[in-house]
Amino acid sequence: MLHAEGIVAGYGAIEALHGADFTVAPHEAVALVGPNGAGKSTLFGVISGLLRPWNGKVVFDGQDVTRWSAERRALAGLTLVPEGRRVFAGLTSEENLRLGAYRRARGRDVTGRMAEVFDLFPRLAERRRQRAGLLSGGEQQMLAIGRALMGRPRLLLLDEPSLGLAPLAVREVADALTQLVHTGVTIALVEQNAAVAFGVASRGYLLDRGQVVADGSVDDLRDDVRVHAAYLGEA
Ligand code: ATP
């Protein structure tokens, strides 16, 4: 479904990725892990179209999308939920969700899609008329994911969905992601929380200093000393 190959990318004179490969098959949940500054967000930026790679290509559904804008990729079903739960604080939950459907759906379709999001996140349904800025951190993350789901993504990229959330909210978000995978949405996630990364994903990649240094099943990665080092922040 997604194939990023030989990705070289950076900022100004700094090369942050030195030829990374990353593949996601349909219906998979794939984790991207690694120490701070490894290049995880940079790789998701390249895949989602926020950042142009210096070299390499991104293929989505058999099409070379390397030169496509982020918007065009989102319309094709490749959507990023960026780090930091960026919701529109002054708008209600429902208004935030409607914005996520822009150009991808109208009328009845929006209502149906919203009902699916509310099924996945019942807490959002209870707070549909509340301003997003007044939601808890976990609820805002649910809203950010829900907004991305309004566009009916086929591959959802999530950058640190559990960052800064209370333990209960972390569990709710992880459960929702697992449920999403069961409904047929393919996901790839960057995650600092090992329990979430390895609980949700079945396969993973370890990125270190701009390079993929290990990849395999979550069971294999869980036992990899380099993965342990990454999670303890001592890479
Ligand atoms: P973290 O978990 O800390 O977010 P990461 O693995 O996502 O780390 P990136 O954010 O992709 O890593 O950063 C990779 C490298 O690129 C780092 O050295 C970082 O300092 C640098 N970098 C990231 N964003 C920028 C930017 N906007 N301008 C300049 N350098 C950047």
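Model, not experiment: these values are computed from the prediction.

1. Comments concerning the nonpolar core
Nonpolar side chains tend toward joint burial in soluble globular proteins.
Right, on to step 1. Core analysis: the biggest nonpolar cluster contains 48 residues, and Ile145, Leu156, Leu177 and Ile187 have the highest contact counts within it.
Right, on to step 2. Sort the elements by how many residues they give to this core and helix α7 (residues 167–182) lands first, with 8 residues.
Right, on to step 3. With residues up to four places along the chain from it excluded, the contact list for Ile187 reads Val24, Glu28, Ala29, Val30, Leu155, Leu156, Leu158, Leu177, Val181 and Val200.
Right, on to step 4. Counting 27 residues, the second largest nonpolar core, distinct from the first, contains Leu2, Leu43, Val46 and Leu155.

2. Some remarks on the packing of aromatic side chains
Right, on to step 1. Counted under the stated rule, the structure contains 2 aromatic pairs.
Right, on to step 2. Taken together, a centroid distance of 6.2 Å and an interplanar angle of 65 degrees make the contact between Phe22 and Phe44 edge-to-face. Note that Phe22 is positioned in strand β2 (residues 14–24) and Phe44 in helix α1 (residues 40–48), a separation of 22 residues in sequence. Comparing Phe22 with Phe44 shows no difference in burial state: the two are buried.

3. Notes on the pattern of salt bridges
Right, on to step 1. Considering all chains together, one arrives at 15 salt bridges under this definition.
Right, on to step 2. Note that Arg128 is salt-bridged to Glu94, the shortest N-O span being 2.9 Å. Of the two residues, Arg128 is situated in the loop between α5 (122–126) and α6 (137–149) and Glu94 in helix α3 (residues 93–100); the sequence distance between them amounts to 34 residues.
Right, on to step 3. Looking at Arg128, the relative accessible area reads 28%, which means it is partly exposed.
Right, on to step 4. For Glu94, a relative accessible area of 13% corresponds to the buried category.
Right, on to step 5. Linking Asp208 and Arg209 is a salt bridge whose minimum nitrogen-to-oxygen distance equals 3.4 Å.
Right, on to step 6. Overall, the relative accessible area of 19% leaves Asp208 in the buried class.
Right, on to step 7. On the basis of relative accessibility, which here comes to 60%, the residue Arg209 falls in the exposed class.
Right, on to step 8. Taken together, the shared-partner salt bridges in this structure form one network comprising Arg123, Glu126, Arg127, Glu139 and Glu172.

4. Re the sheet that holds strand β3 (residues 29–33)
Right, on to step 1. In space, the 6 strands of this open sheet follow the order β6-β7-β8-β3-β9-β10, with mixed pairing throughout. Lying at the two open borders of the sheet, with one neighbouring strand each, are β6 (78–81) and β10 (211–217). Along the sheet, successive strands turn relative to each other by an average axial angle of 15 degrees, direction set aside.
Right, on to step 2. Contacts between α1 and the sheet are confined to β3, β6, β7 (155–159), β8 (186–190) and β9 (203–208), with β7 contributing the most and set at about 150 degrees to the helix.
Right, on to step 3. Along the sheet, α7 contacts β3, β7 and β8; its crossing angle with β8, the most-contacted strand, is approximately 150 degrees.

What counts as what
- Residues numbered from 1 in each chain as written.
- Predicted model: local features only at pLDDT ≥ 70, side-chain atom pairs only at ≥ 80, totals over all residues.
- Heavy atoms only, no water.
- Core = buried A, V, L, I, M, F, W, Y, C linked by side-chain atoms within 4.5 Å.
- Buried < 20%, exposed > 50% of the residue type's maximum accessible area, 1.4 Å probe, protein only.
- Helix = DSSP H or I, 4+ residues; strand = E, 2+ residues; numbered from the N terminus.
- Contact = heavy atoms within 4.5 Å.
- Phe/Tyr/Trp six-rings, centres within 6.5 Å; stacked < 30°, edge-to-face > 60°.
- Salt bridge = Lys/Arg side-chain N within 4 Å of Asp/Glu carboxyl O.
- Pairing = 2+ DSSP bridges.
- Axes fitted to C-alpha atoms, helices over the stretch in contact; angles between N-to-C directions.

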